[in-house]
Every structure is written in structure tokens, then in C-alpha cells.
Amino acid sequence: MRIHRYERWWLTFGMAMLLVFLGLIGFAAFADNINPPSDMQQVDPTKVSQTAPFDKPGLRKLSDGSYEAYYVAQVFTFNPATLTVPAGSKVTFFVTSSDVVHGFFIPSTDINMMAVPGWVNEQTHTFSKPGEYLLICHEYCGLGHQNMFAKIEVR
Ligand code: CUA
């Protein structure tokens, strides 16, 4: 079989790019420790409402002045539905689901993760600008998906 010269160049180029990008992903994961914000901790999805800290979802203030926010996602709500923090607050969000996979996305911040039954996902954001932030589900989860949102007030 004869392969045209240009065809061979492109094949070589394509294979080389695959190796370069695989290498970059490996470098980011192992050398820079950049990983998806997921699967940090397990929780029984059928017992979320009895399992601390998700038995009392909401905000906790830490001794260093930052916050932790515990959320339960379920069709088609987030609990808590509203959260209020002072401007400048650093908030670490912990989220799980008690039924199906949901999304957990706060536009204009870097919070973008999934709420997965059985797992606790975690991300941190500092709310420097006051305002009302929307928390939306951006993973199709059923007929009420488009109504699944919550609010975060930064004052
Ligand atoms: Cu929950 Cu879409």
C-alpha cells in the first residue's frame, strides 16, 4: 500500500499532537495537581437527609472568617434556596445529590461542577463584588430542570 507523502506528514503531525496533549494532561494532573473538583468524599445517596453535614444544609462560618456552604440538590430544588454572605467572603461549596445527577453552576464565578448522588463535590470562590448571584442546575435532570435554581446574596 502506498501512502501519499502529504498524507504521511499529516498522520505524523496528528499523532505527534495527540502525544503532546496527552502529555500536557498528564503533566497538569500529576505535576501541577490540577484535577476535576469531584469525588472527594462518599455519602449514601439514600441517607443524605440523615447524614451530617447534609442533614442541616446551609452556611457555616469558620474561625478564619471564611465560609463553608453545604448544598443538597434534588429534583428540582437546591437546599438551601437562598444564602447570604458579606462581600469579600471566601465560600467553599460542598454539594451532593439525593436523587439524580444535577449541575451546580454560578455564572460569572468559577463555580461549575456536578452534583452526583453518592459523592461530595467541592469548589471555592471569593465573592468580591456585592450583588445577587444565581445558582443554576446545568445538567438536564428531568421535566422541571429549567426551574431548578437558587440564589446567593452578597452584601
Ligand atoms: Cu437539576 Cu437540572
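All of the points below concern the structure found in this document.

Scoring rules and cut-offs
- Residues numbered from 1 in each chain as written.
- Predicted model: local features only at pLDDT ≥ 70, side-chain atom pairs only at ≥ 80, totals over all residues.
- Heavy atoms only, no water.
- Helix = DSSP H or I, 4+ residues; strand = E, 2+ residues; numbered from the N terminus.
- Rg over C-alpha atoms; globule rule 2.2 N^0.38 Å.
- Buried < 20%, exposed > 50% of the residue type's maximum accessible area, 1.4 Å probe, protein only.
- Salt bridge = Lys/Arg side-chain N within 4 Å of Asp/Glu carboxyl O.
- Polar contact = N/O pair within 3.5 Å; in protein donor to acceptor, adjacent residues only side chain to side chain.
- Contact = heavy atoms within 4.5 Å.
- Phe/Tyr/Trp six-rings, centres within 6.5 Å; stacked < 30°, edge-to-face > 60°.
- Core = buried A, V, L, I, M, F, W, Y, C linked by side-chain atoms within 4.5 Å.

### Let's talk about the overall build of the protein chain
Logical step 1: Each helix and strand in the protein chain was counted, giving one helix and 11 strands.
Logical step 2: Mapped from its N terminus to its C terminus, the protein chain presents α and β elements in the order α-β-β-β-β-β-β-β-β-β-β-β.
Logical step 3: Whereas a compact globule of 155 residues would reach a radius of gyration of roughly 15 Å, the protein chain reaches 21 Å, over 25% beyond that.
Logical step 4: Its C-alpha atoms give the protein chain principal-axis dimensions of about 70 × 35 × 25 Å.
Logical step 5: Looking at the protein chain as a whole, 33% of its 155 residues qualify as buried.

### A closer look at the pattern of salt bridges
Logical step 1: Evaluation of the coordinates by the stated rule reveals two salt bridges.
Logical step 2: Between Glu-153 and Arg-155 there is a salt bridge; the shortest N-O distance is 2.9 Å.
Logical step 3: When its relative accessible area of 64% is taken as the criterion, Arg-155 is described as exposed.

### Details of the side chain of Ser-97
Logical step 1: Among the secondary structure elements, Ser-97 is positioned in strand β6 (residues 89-97).
Logical step 2: Assessed through its relative accessible area of 0%, Ser-97 is described here as buried.
Logical step 3: Among the polar contacts made by the side chain of Ser-97, one reaches the main-chain amide nitrogen of Asp-99 at a distance of 3.1 Å.
Logical step 4: A distance of 2.5 Å separates the side chain of Ser-97 from the backbone oxygen of Val-100, its partner in a polar contact.
Logical step 5: Ignoring anything within four residues of it in the chain, the contact list for Ser-97 reads Pro-45, Val-48, Ala-73, His-102, Ala-115, Val-116, Pro-117 and Gly-118.

### Quick notes on the packing of aromatic side chains
Logical step 1: Taken as a whole, this structure holds 10 aromatic pairs when the rule is applied.
Logical step 2: Measuring from centroid to centroid gives 5.2 Å for Tyr-71 and Phe-104, while their planes differ by 75 degrees, and the two rings are edge-to-face. Of the two residues, Tyr-71 is situated in strand β3 (residues 67-74) and Phe-104 in strand β7 (residues 102-106); the sequence distance between them amounts to 33 residues. Assigned by exposure class, Tyr-71 and Phe-104 land together as buried.
Logical step 3: Clustering of aromatic rings is evident, with ring pairs tying together Tyr-71, Phe-78, Phe-93, Phe-104, Phe-127 and Tyr-133.

### Structural notes on the nonpolar core
Logical step 1: Ranked by size, the top nonpolar core spans 24 residues in total, and within it Tyr-71, Phe-78, Phe-93, Phe-104, Ile-106 and Ile-152 carry the most contacts.
Logical step 2: Mapped onto this core, the elements with two or more residues apiece are β3, β5 (82-85), β6, β7, β8 (111-115), β10 (131-136) and β11 (149-154).
Logical step 3: Counting residues per element, this core draws most heavily on β3, at four residues.
Logical step 4: Listed in part, the seven residues of the second largest apolar core include Val-48, Phe-54, Tyr-70 and Val-72.

### Considerations on unusual backbone geometry
Logical step 1: The residue after Ala-52, namely Pro-53, is reached through a cis peptide bond having omega 0 degrees.
Logical step 2: Within the secondary structure, Pro-53 sits in the loop between β1 (41-42) and β2 (58-61).
Logical step 3: Here the bond from Val-75 into Phe-76 is cis, since omega is -10 degrees, no more than 30 degrees from zero.
Logical step 4: Locating Phe-76 in the fold gives a position in the loop between β3 and β4 (77-79).

### Here we look at the environment of Tyr-71
Logical step 1: Residue classification places Tyr-71 among the buried positions, given a relative accessible area of 0%.
Logical step 2: Linking Tyr-71 and Ser-97, residues 26 residues apart in sequence, is a C-alpha distance of 8.4 Å.
Logical step 3: If we skip the residues at most four places from it in the chain, Tyr-71 touches Phe-54, Phe-78, Asn-79, Pro-80, Leu-83, Phe-93, Phe-94, Val-95, Thr-96, Phe-104, Leu-135 and Ile-152.

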